[in-house]
Amino acid sequence: MHRVLITDSLSKAGLKVLEQTPGIEVVIRSGLTPQQVREELKSVDAIIIRSGTTLTAELLEGQDRLKCIARAGVGVDNINLEAATRAGVLVMNTPSGNTISTAEHTFAMMLALSRNIGPAHASMKAGKWDRKSFQGTQLAGKTLAVLGLGRIGLSVAARARAFEMNVLGYDPLISEEKCKELGIQLFRDVDEIVTRCDYLTVHTPLTDETRGIINADRLAKMKKGVRIINCARGGIIDEQDLATAIESGHVAGAALDVFVDEPPTDRRLVDLPKVLATPHLGASTDEAQEKAGIAVAEAELRKLQFTNAMANIDQAISLNNTNASFHNTKGSSNPKPTLLLLLVQQLG
C-alpha cells in the first residue's frame, strides 16, 4: 500500500483518480505547520502540493520513505530541488494544466489596466457617474514584449496577435524559425527588448538568473508610459524599483497577480492607485484546477508504478545472485536484456 499525502487543495477529479486506484491510500492534511509537514512525510511514499506548501531542505532531510514530490502547477520554486536530489526523491510538475487560464488572466489584466476597469468599477459602486477620469488606451497597434516564450508566453503572444498588437519576444532557447512562424520578433538581449515596448509581460520561471531581471536600470531604459504585467512569479520584477518608477510617472501602471511575499507584507506597491492587483489567480479556473489535479495524480501513479517495477527487478537480481544466471537468447551471461524485459513487463 502506497500512502500519498496531499497538503494543498486538489480538484475532485484528481482525488478520484487516486482514490479509485488499488493500492493507494490518500492522506489529506491541510493547514499544516512546517514541523507537522515534516512529521507527516515520515509515513508517506509521495506528496502532492500546490503553492501553499514549501518543502525546504530541513523538511526533506532524513525522509527515507518518501519517493516522489508532485507539484500541481508549473513552478517548483517552493521545493528545494538540491535537497530532493540528494535524498533520491523525484520531483514532478504539471506544466500544461494552467497554460490557457494563466494566459487569459494575463490578457484580462492587460485589458483592465489599459481601460482603468478597476477604478471605474469602484467609482460606480460608490454611486458616481464619472466618464472623464478613466480614459484609457487601446491595445491594437501597441508593441508587447513577452519575456519567456514557453507555453504560457506563447499563448499570451497568440492572443496579442489576435488583438493586432506587435509582438516582441525574449527567450534564450526558442528558435528564430519558430518565432517567425508565430509572428514574433525574437530578441536575445533583455536590455534591447525593453527599449522597444509599450507593454511588457514576464513569463519566465523564478531562478537566480531571472530574479530581479526587471530592475531600476531596465525600467529606466523603457519608454515613458510603459505598462507592466506579471502573472508569473513574484520577484522576477523588483517590486521596490517598480514602485519608484510608477511614483515618478515613468511607468504608467502595472498589473500584478504575484508577489515576493504572498500575501504582500509591504503594501507600498500594491496600494499605488496605478497598480491593478489580484491574489495569485492565474490558475484559478475550474478547468485549470481539474486538468492540474488529474495530471498530478496520474504522474504520481506512474512514479509509484515504476517504483514497484524496480523493486521487483531488485528482487529478481537478488535471486539471480544467489540461485542462477540470467541469459539472453544467445546464451551469454549479460543480464541487461532480461532485466529490461522484466522492466517492460512490470510497467505494462
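In the block above lies the structure referred to throughout.
Keep in mind it's a predicted model, so treat the numbers as computed, not measured.

Caption draft 1: Up close: the nonpolar core. Within the largest apolar cluster, 33 residues are counted, with the highest numbers of intra-cluster contacts made by Leu 200, Ile 214 and Leu 242. Contributions of two or more residues to this core are made by strand E6 (143–147), strand E7 (166–170), helix H9 (190–193), strand E9 (199–202), strand E10 (226–230), helix H11 (239–247) and strand E11 (251–256). Among the elements that line this core, the one with the most residues is H11, at four residues. In this view, Leu 242 contacts Leu 219, Ile 228, Ile 237, Val 251, Ala 254, Leu 256 and Leu 269; residues no more than four positions away in its chain are not counted.

Caption draft 2: How the structure looks around H11. Restricting attention to buried positions, one finds in H11 the residues Glu 239, Leu 242, Ala 243, Ala 245 and Ile 246. Axial view of H11: buried residues confined to an arc of 165°, hence all on one face. Where H11 is buried, its residues touch helix H10 (216–221), E10, E11 and strand E12 (275–277). For H11, the N-terminal cap is Asp 238; the gap from its side-chain oxygen to the backbone nitrogen of Gln 240 is 3.2 Å. Gly 249 sits one or two residues past H11 and shows a positive phi near 90°.

Caption draft 3: Summary view of the sheet that holds E10. The strand order across the open sheet built from seven strands is E8-E7-E6-E9-E10-E11-E12, with neighbouring strands paired in parallel fashion. Of all the strands in the sheet, just strand E8 (185–187) and E12 have a single pairing partner and so form its edges. For this sheet, the mean inter-axis angle between neighbouring strands, taken without regard to orientation, is 15°. Where E7 meets E8, three bridges bridge the pair, whose relative direction is parallel. Bridging across to E8, Leu 168 finds its partner in Gln 185.

Caption draft 4: Region of interest: the sheet that holds strand E5 (residues 90–93). Here we have five strands laid out as an open sheet, ordered E2-E1-E3-E4-E5, and parallel in their pairing. Of all the strands in the sheet, the pair left with one neighbour each is strand E2 (24–28) and E5. For this sheet, the mean angle separating the axes of adjacent strands, direction not counted, is 20°. Bridging between strand E1 (residues 2–6) and strand E3 (residues 46–49) involves three bridges; their strand directions are parallel.

Caption draft 5: Quick peek at the pairing of E7. E7 sits mainly inside the fold: four of its five residues count as buried. In this structure, E6 lies alongside E7, joined through five bridges in parallel fashion. Across the sheet, the residue bridging to Ala 145 is Leu 168, located in E7. In the classification by handedness, the crossover that spans E6, the intervening helix H7 (residues 151–162) and the parallel E7 is right-handed. The handedness of the E7 to E8 crossover, carried by helix H8 (residues 176–182), is right-handed.

Caption draft 6: Spatial organisation of the pattern of salt bridges. Under the counting rule described, the total for this entry stands at 12 salt bridges. With a closest N to O distance of 3.1 Å, Lys 42 and Glu 39 form a salt bridge. Residue classification places Glu 39 among the partly exposed positions, given a relative accessible area of 40%. Arg 233 is the salt-bridge partner of Asp 77, the closest N and O atoms lying 2.8 Å from each other. Pair noted here: Asp 77 is in the loop between strand E4 (68–71) and helix H4 (81–86) and Arg 233 is in the loop between E10 and H11, with a separation of 156 residues, a long-range link. On the basis of relative accessibility, which here comes to 42%, the residue Asp 77 falls in the partly exposed class.

Caption draft 7: Structural context of the pairing of E6. Within E6, five of the five residues are buried, which leaves it mostly tucked inside the rest of the structure. Residue alternation in E6 divides its side chains into two sets, Thr 143, Ala 145 and Leu 147 and Leu 144 and Val 146, and both sets are buried.

Caption draft 8: Fine view of empty space enclosed by the protein. All chains considered together, the criterion is met by two cavities of 30 Å³ or more. What the largest cavity holds in volume is close to 60 Å³. Lining of the largest cavity is provided by Asn 230, Gly 234, Gly 235, Ile 237, Glu 239, Leu 242, Leu 256, Val 258, Phe 259 and Leu 269. A class-by-class count of the residues in the lining of the largest cavity yields six nonpolar, three polar and one charged. Estimates place the volume of the second largest cavity at around 40 Å³. In terms of lining residues, the second largest cavity is bounded by Glu 239, Gln 240, Phe 259, Pro 264, Asp 266, Arg 268, Leu 269 and Val 270.

Caption draft 9: View of the packing of helix H5 (residues 99–114) against H7. The N-to-C vectors of H5 and H7 enclose an angle of 50°; their axes lie 9 Å apart at closest approach. Taken together, the axis directions place H5 and H7 in an arrangement best described as oblique. H7 is crossed by H5, and the crossing has right-handed handedness. Contact residues: Thr 99, Ile 100, Thr 102, Ala 103, Glu 104, Thr 106 and Phe 107 in H5; Arg 151, Ile 152, Ser 155, Val 156, Arg 159 and Ala 160 in H7.

Caption draft 10: Highlighting the layout of surface pockets. In this model, the largest pocket occupies a volume close to 1200 Å³. Around the largest pocket, the lining comprises 49 residues; the ones closest to its centre are Val 74, Gly 75, Thr 204, Pro 205 and Arg 233. Secondary structure elements with two or more residues in the lining of the largest pocket: H4, H7 and helix H12 (286–322). Considered class by class, the residues forming the lining of the largest pocket number 20 nonpolar, 19 polar and 10 charged.

The rules behind the values
Residues numbered from 1 in each chain as written. Predicted model: local features only at pLDDT ≥ 70, side-chain atom pairs only at ≥ 80, totals over all residues. Heavy atoms only, no water. Core = buried A, V, L, I, M, F, W, Y, C linked by side-chain atoms within 4.5 Å. Buried < 20%, exposed > 50% of the residue type's maximum accessible area, 1.4 Å probe, protein only. Helix = DSSP H or I, 4+ residues; strand = E, 2+ residues; numbered from the N terminus. Contact = heavy atoms within 4.5 Å. Arc of directions from axis to C-beta. Polar contact = N/O pair within 3.5 Å; in protein donor to acceptor, adjacent residues only side chain to side chain. Pairing = 2+ DSSP bridges. Axes fitted to C-alpha atoms, helices over the stretch in contact; angles between N-to-C directions. Right-handed = clockwise from strand over helix to strand, strands pointing away. Salt bridge = Lys/Arg side-chain N within 4 Å of Asp/Glu carboxyl O. 1 Å grid on protein atoms, 1.4 Å probe; cavity = no way out; pocket = protein on both sides within 12 Å on 5 of 7 lines; lining within 4 Å. Points joined across faces, edges and corners; volume = space filled by probe spheres on them. Nonpolar A, V, L, I, M, F, W, Y, C, P; charged D, E, K, R; others polar. Parallel < 35°, antiparallel > 145°, perpendicular 65-115°, else oblique. Left-handed = near helix turned anticlockwise from the far one by under 90°.

So far we have only geometry, and geometry alone does not tell us how the molecule works.
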